[in-house]
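Fold and contact review
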Amino acid sequence: MLAAITSKTKLIFVANPNNPTGSFLTGKEIADFLGAVPQHIVVVLDEAYNEYLPAEQQYDAIAMVRQYPHLLVSRSFSKAYGLAGLRLGYSVAQPELTDLLNRIRQPFNVNTLAQAAAIAALFDQEFLDQGATLNRQGYQQLTTAFTQMGLHYLPSSGNFILVQVGADDGAGARVNLALLKQGVIVRPVANYGLPKWLRVSIGLPAENAAFLSALEKSLAPLHPHA
Ligand SMILES: Cc1ncc(COP(=O)(O)O)c(C=O)c1O
């Protein structure tokens, strides 16, 4: 991304963990990047999946905001907090940047009930811990099965996994359709240039099992002798 900067670059988005790959940059990698990006270019660090990170991977993004006036950190209540239906998130930046955002944001963009729920959610550490634990268990359940099925997947720090469901460029769409017919909805990612892959969200143990069983049936026609 550093190498791609030109005189026209104004804004850089970095999602960490990234969607749909689930890949993760360490705090040091982020800090090094911020130090190298010229300060007239704004860096948005999208931390929508931050709360799923284990303690040893957490880094202090707020300290980075204090250090870098060209950094804006954004978070969401849609993921680990389970409040996607409330349509609520927040960002943290130095006053010069938040002032710019305030000038163009829509008035009344977050309703007061959503704000009340979010404040309560911020104090509900037990719910976050439970979600993170379930997520880690689900990750084990799914990746163990992928390995047994001989499917290539990318290590993920989010609440989803990118799995390669075939060798040809029609694989993602074909397996997605077969899954849909069994009532299982995953995310095709051909629009990210990944036509052989599907992104599956990690669910509850029974949901993961239902997905795996549907996936096995969806792949079966490709392996008639299995
Ligand atoms: C990386 C990333 N950022 C932000 C969002 C936005 O979530 P929301 O608009 O629900 O807060 C998503 C949702 O999929 C995401 O994957």
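Since we're looking at a predicted model, the values are computed, not measured.

What counts, and at which threshold
Residues numbered from 1 in each chain as written. Predicted model: local features only at pLDDT ≥ 70, side-chain atom pairs only at ≥ 80, totals over all residues. Heavy atoms only, no water. Domains from an automatic or database assignment. Contact = heavy atoms within 4.5 Å. Salt bridge = Lys/Arg side-chain N within 4 Å of Asp/Glu carboxyl O. Polar contact = N/O pair within 3.5 Å; in protein donor to acceptor, adjacent residues only side chain to side chain. Nonpolar A, V, L, I, M, F, W, Y, C, P; charged D, E, K, R; others polar. Phe/Tyr/Trp six-rings, centres within 6.5 Å; stacked < 30°, edge-to-face > 60°. Buried < 20%, exposed > 50% of the residue type's maximum accessible area, 1.4 Å probe, protein only. Lys NZ or Arg CZ within 6 Å of the ring centre and 35° of its normal. Helix = DSSP H or I, 4+ residues; strand = E, 2+ residues; numbered from the N terminus.

This part is about the domain arrangement of the protein. Under the domain assignment used here, the protein contains domain 1 (11-122) and domain 2 (126-222). Taken over C-alpha atoms, the centre of domain 1 sits 27 Å from the centre of domain 2. Of the residues lining the interface, 16 residues belong to domain 1; the matching set on domain 2 comes to 17 residues. Linking domain 1 to domain 2 there are zero salt bridges. The tally of links from domain 1 across to domain 2 stands at three residue pairs in polar contact (both at pLDDT 80 or more). Classifying every residue of the side of domain 1 that touches domain 2 by side-chain character gives nine nonpolar, six polar and one charged.

Moving on to the packing of aromatic side chains. Taken as a whole, this structure holds six aromatic pairs when the rule is applied. Between Phe-77 and Tyr-81 the ring centres are 4.7 Å apart and the planes differ by 45 degrees, which places this aromatic pair in the tilted class. Exposure class is identical for Phe-77 and Tyr-81. Each is buried. The structure contains a cluster of three or more aromatic residues connected by ring pairs, namely Phe-77, Tyr-81 and Tyr-90. Lying across the ring of Phe-160, Arg-199 places its NZ or CZ 5.1 Å from the centre.

Examined against the element boundaries, Glu-47 turns out to sit in the loop between β2 (42-46) and α2 (61-67). Within the structure, Glu-47 has its side chain in polar contact with the side chain of Tyr-59 (distance 2.6 Å). A polar atom in the side chain of Glu-47 sits 2.7 Å from the side chain of Arg-75. When neighbours within four sequence positions are excluded, Glu-47 is seen to be in contact with Asn-16, Tyr-59, Ala-61, Val-73, Ser-74 and Arg-75.

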